[in-house]
Amino acid sequence: MKCLSFFIFSAVFIFSSFSSAKETDNLTGRYKTLQDSTEVLDKEMNRRLQELVAEANSDGIACDKSPETFRKIRVLFHEQNKASFQIGSMESWAEKNDKIAKRKASPDGSIYEGVLSKGLIFNNLDLASTIKVNGELIGTDKLGHFIDQGFERYRYFRERGNRMDVALDGSKGMESSIYGAASTGIVSSADMMANYHGILFYHALVDTNNPYLTCSGGTWSQVRNFTWADYVDAGWDEGINCVSVEDAKARAIYDKNVSKLEAKAREQGKDQTYRCPVDPEACGKLRSRYSFYETKKGSPVLSDVCIQVGKSRPARPGNSGGSGTKASGAIK
C-alpha cells in the first residue's frame, strides 16, 4: 500500500511539474489576423495590483521602505496570483477569457506534431494558446513564466547579492531541465526572456524610484499603472526567439513540419516564411538590447540562432527597440 501511495504521489508530482512546461506554436497560422489584447491584459493586471493594495492595507503591512516590508509585498502578490496545479493564474485567466483573442492549438497539426518527447503524453495535451500583446505573438504560458518563474528568479537574485547573471544562469538551468529539455524536449529562450522580465517587474513593484506601489500615512496605494507593453517585446515570440529541439530525431520531425507550412504557403501563392527567426531584423534589435548578458556560452534570454542572425543584422544606432520596452535594462 505504501508503494502504491508513493507511486501515485510521484506520478502527480511529475505530471504537475510537466504541466508547467506547456509549449506554444507561434508559427502555425502566424500570418492570420489576431487582435491585440494588451488593453484587456493591462486592465486585469492592474485589478490584481489593486487587490494587492487592499490586502496589504488589510494585513497592516508596515508603511516603511525596509527590505522586509518590500519582501512581504512581493510575496503577497505572488501568493495572490501563483500557479494552480503548475498552470499560471494569469495564463489560466487568459485561456478562459473570451475577451482575449487567441489561437488555440494541440500538438496534432502543429509544428510539434510527433515532436514533444517523441510523441508520448505531450502529443495529447493542448498547447498554450497564441495571443498578441504589444504587437507581438506570444504564448499564454509566458504570462505564467513572468509571474511565477519571475518571482522564483527574483528571490534567487536577492539571495545571491543582487547578481542578475547568477539569477539568469539559474533560469537557463531550469529551462534545460524539468521546465523544458527534461519534460517536453524543448528549450525555449522566450520562456527565459519572460522569466527575466518577471524579475524586473518584482523589483519595480516597490523597490525602485518609480515603483507601482508606495505607502504614505500608513496606507498603501498604487501610484502608476502597469502595462505589458513595458515588458513584452519580440524576445517573447518563439517565431523570432527560436526554440531548441534537443533530440536529433525530434528536430528532424520539427523541421519537416515547418517545411510543410512553407510548402502550403507556396501552393497558395504566398511569399511567407516560417523558418525561425521569421524576422531577422528583430534579432538584430534584440541582440543590441540584451547583449549585456551575452557570453561565449550564449545568452540566458536569446537563442543561439537569434544571436547568430542578429550579428549579421545589427540594429541601427538609436534603433534597438522593436516594439520597445521601458523595462529592458539591467536593474540598477
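See the structure shown above.
One structure accompanies this document, and this report is about it. (Residues numbered from 1 in each chain as written. Predicted model: local features only at pLDDT ≥ 70, side-chain atom pairs only at ≥ 80, totals over all residues. Heavy atoms only, no water.)

### Overview of the pairing of strand E2 (residues 136-139)
What counts is decided by this rule: Burial classification: accessible surface area is computed with a 1.4 Å probe over protein chains only, and a residue below 20% of its type maximum counts as buried, one above 50% as exposed, and the rest as partly exposed. Elements are defined by DSSP. Helices are runs of H or I of four residues or more, strands are runs of E of two residues or more, and each kind is numbered from the N terminus. DSSP calls a pair of strands paired once it identifies at least 2 bridges connecting them.
Here E2 shows two buried faces, one formed by Glu136 and Ile138 and the other by Leu137 and Gly139. Inspection of the sheet shows strand E1 (residues 130-133) paired to E2 by 4 bridges, in the antiparallel sense. Each bridged residue has a counterpart across the sheet, and for Lys132 the counterpart in E2 is Leu137.

### Thoughts on the packing of aromatic side chains
Applicable threshold: Aromatic contacts are taken between Phe, Tyr and Trp rings whose centres are within 6.5 Å, Trp giving its six-membered ring; a plane angle under 30 degrees counts as stacked, one over 60 as edge-to-face, and the others as tilted.
Inspection of every chain in the model, using the stated rule, returns 22 aromatic pairs. An angle of 85° between the planes, with centres 6.2 Å apart, marks the rings of Tyr196 and Tyr290 as edge-to-face. Placement of Tyr196 in helix H7 (residues 189-206) and of Tyr290 in helix H9 (residues 280-290) is noted, with a sequence separation of 94 residues between them. For Tyr196, a relative accessible area of 0% translates into the label buried. The exposure class assigned to Tyr290 is buried, which follows from its relative accessible area of 0%.

### Quick look at helix H5 (residues 141-159)
What counts here: To estimate the expected span of a helix, subtract one from its residue number and multiply by 1.5 Å. The reported bend at a residue is simply the angle between two axes, fitted to the 7 residues ending at it and to the 7 residues beginning with it.
Spanning 19 residues, H5 covers 26 Å between terminal C-alpha atoms, matching the ideal 27 Å at 1.5 Å per step. Roughly 35° is the biggest bend found in H5, and it falls at Gly150. For H5, the tally of buried residues reaches 14 of 19 residues, placing the bulk of the element in the interior.

### Brief notes about unusual backbone geometry
Look at the link from Cys276 to Pro277: it is a cis peptide, with omega at 0°. Structurally, Pro277 is set in the loop between helix H8 (248-267) and H9. If you check the backbone angles, Asn134 has positive phi at about 55° while not being a glycine. Here Asn134 falls in the buried class, since its relative accessible area comes to 18%.

### Observations regarding the environment of Asp233
Condition: A 3.5 Å cut-off defines polar contacts: any pair of N or O atoms within that distance qualifies, except that in protein one atom must be a possible hydrogen donor and the other a possible acceptor, and neighbouring residues in sequence count only when both atoms are side-chain atoms.
In this structure, Asp233 sits in the loop between strand E5 (219-222) and strand E6 (243-245). For Asp233, a relative accessible area of 0% puts it in the buried group. When the C-alpha positions of Asp233 and Gly135 are compared, they lie 8.2 Å apart, and in sequence the two are 98 residues distant. Side-chain polar atoms of Asp233 contact the side chain of Arg289, separated by 2.5 Å.

### Quick notes on the state of the cysteines
Note the threshold: A pair of cysteine sulfur atoms is labelled a disulfide when the two atoms are within 2.5 Å.
Per the stated rule, a full pass over the model turns up 3 disulfides. With its sulfur 2.2 Å from that of its partner, Cys63 forms a disulfide with Cys215. In this structure, the disulfide formed by Cys63 and Cys215 twists by about -125° around the S-S bond and is classed as left-handed. Placement of Cys63 in the loop between helix H2 (38-59) and helix H3 (67-81) and of Cys215 in strand E4 (residues 213-216) is noted, with a sequence separation of 152 residues between them. Between Cys283 and Cys306 runs a disulfide, and the two sulfur atoms are separated by 2.1 Å. Judged by the sign of its S-S torsion, about -115°, the bond between Cys283 and Cys306 is left-handed. In this pair, Cys283 is assigned in helix H9 and Cys306 in helix H10 (residues 304-312), connecting sequence segments 23 residues apart. For the pair formed by Cys283 and Cys306, the shared burial category is buried. The cystine pairing of the protein chain, numbering bonded cysteines in sequence order, is 1-2, 3-4, 5-6.

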